[in-house]
Amino acid sequence: MTETIFPGPVPVLSELLLISVCILADHYDIFSGHSGWAAAIRDNGVHGTIACFCWAVFCDWRETARDLIQCVVCGLLAMVLDVDHFIAAKTFTLKGAVSHPTRPPLHATSVIPLCASFIYVTSRLLSWKSGTTLAVMLTIAWLSHHIRDGVRRGLWLPPFGSTPPIPFNVYVASTAILPVLFKVMKFYSESFSNISKTVTSEAQHVEISDV
Ligand SMILES: [Zn+2]
């Protein structure tokens, strides 16, 4: 099937739902009224939902079952990041994790390209085809989580320091653009790879004809 950059109905609907979740959950705070663990689970669920819709915008929906599973995995990757708070604080109490003075290591945005590159390079060495997808998925899931957390605390970019808190409108716009940006990069990298394959096979054809 010919690759196209124009999204189908599912990515467009997912983009609208993605923006709606950001606004309803974080501006109108429609799930408020909780405290303690309920508030933490609600907050973590919003991270997961946003990452899930980000993947729904990014993927091409050629295989619905596969794409749905990938949406769920992307959401889980965004949610699991908050376990980092408990590991850094060395406690399983919510109070201890929340009041820990320093930000946990996986909340450093500089860590994302390192982890994604590690997965990509390892998968290439092991000839594991899904490694590139996992590297992109991890980047989208964790970046969406960091951007949302950044509304309160800014992005943490060691060793360069931190940005100021992200304005709410910038958070919504960046979250909406994130999967579209990766979709465009995927389209051009696939187009480039198809062109180089065609050029290589034509060159081989010419060499064989010359013999
Ligand atoms: Zn977080």
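The rules behind these values
Residues numbered from 1 in each chain as written. Predicted model: local features only at pLDDT ≥ 70, side-chain atom pairs only at ≥ 80, totals over all residues. Helix = DSSP H or I, 4+ residues; strand = E, 2+ residues; numbered from the N terminus. Buried ≥ 20, exposed ≤ 12 C-beta atoms within 10 Å, placed from the backbone. Contact = placed C-beta atoms within 7 Å. Axes fitted to C-alpha atoms, helices over the stretch in contact; angles between N-to-C directions. Parallel < 35°, antiparallel > 145°, perpendicular 65-115°, else oblique. Left-handed = near helix turned anticlockwise from the far one by under 90°. Core = buried A, V, L, I, M, F, W, Y, C linked by C-beta atoms within 7 Å. Nonpolar A, V, L, I, M, F, W, Y, C, P; charged D, E, K, R; others polar.

Q: What exactly am I supposed to notice about the overall build of the chain here?
A: From N to C terminus, the chain includes eight helices and zero strands. Here the chain holds 211 residues, and the buried ones make up 27% of them. Within the chain, counting contacts between residues at least 6 apart in sequence, those at least 24 apart form 61% of the total.

Q: I'm lost on unusual backbone geometry in this one. Help?
A: Negative phi characterises most residues that are not glycine, and trans characterises most peptide bonds. For the peptide bond that leads from Pro158 to Pro159, omega is 5°, which places it in the cis range. Within the fold, Pro159 resides in the loop between helix 7 (131-153) and helix 8 (168-210). A positive phi angle is found at Trp61, which is not glycine, with a value near 55°. Assignment of secondary structure puts Trp61 in the loop between helix 2 (36-58) and helix 3 (64-80). For Lys90, which is not a glycine, the phi torsion comes out positive at approximately 55°. You can see Lys90 is positioned in the loop between helix 4 (83-89) and helix 5 (94-98). Note on Lys90: 9 C-beta atoms within 10 Å, which makes it exposed.

Q: Looking at this structure, I do not really get the packing of helix 1 (residues 9-26) against helix 2. What am I missing?
A: Packed helix pairs are characterised by how far apart their axes lie and by the angle those axes make with each other. The geometry of helix 1 relative to helix 2 is characterised by a closest axis approach of 8 Å and an angle of 160° between their N-to-C directions. Accordingly, the angle class assigned to the pair helix 1 and helix 2 is roughly antiparallel. In this structure, helix 1 meets helix 2 at a crossing whose hand is left-handed. When helix 1 is examined against helix 2, the residues Val10, Pro11, Ser14, Glu15, Leu17, Leu18, Val21, Cys22 and Ala25 are found in contact with a partner set consisting of Val46, Thr49, Ile50, Phe53, Cys54, Ala56 and Val57.

Q: Quick question: what am I supposed to make of the nonpolar core here?
A: Among soluble globular proteins, nonpolar side chains are generally buried collectively. Among the nonpolar cores identified, the biggest contains 36 residues, and Ala51, Cys54, Trp55, Cys74, Ala78, Ile140 and Ala141 are the most heavily contacted of them. Elements supplying a minimum of two residues to this core: helix 1, helix 2, helix 3, helix 6 (111-125), helix 7 and helix 8. Ranked by the residues each element gives to this core, the list is headed by helix 2, at ten residues.

Q: Got a minute to help me understand the environment of Val10 in this structure?
A: Its place among the elements puts Val10 in helix 1. Val10 gets classed as partly exposed once you count the C-beta atoms within 10 Å, which come to 15. A sequence separation of 181 residues divides Val10 from Ser191, and the C-alpha atoms of the two residues are 22 Å apart. Contacts of Val10, omitting those with residues within four sequence positions, involve Ala56 and Trp61.

Q: What exactly am I supposed to notice about the packing of helix 3 against helix 7 here?
A: Two numbers describe how helix 3 lies on helix 7: the axes approach to 8 Å, and their chain directions differ by 50°. In terms of orientation, helix 3 and helix 7 fall into the oblique class. In the packing of helix 3 onto helix 7, the handedness of the crossing is right-handed. The residues of helix 7 that touch helix 3, namely those facing Gln70, Val73, Cys74, Leu77 and Ala78, are Met137, Leu138, Ile140, Ala141, Trp142, Ser144 and His145. The residue inventory of the contact of helix 3 with helix 7, partitioned by class, reads nine nonpolar, three polar and no charged.

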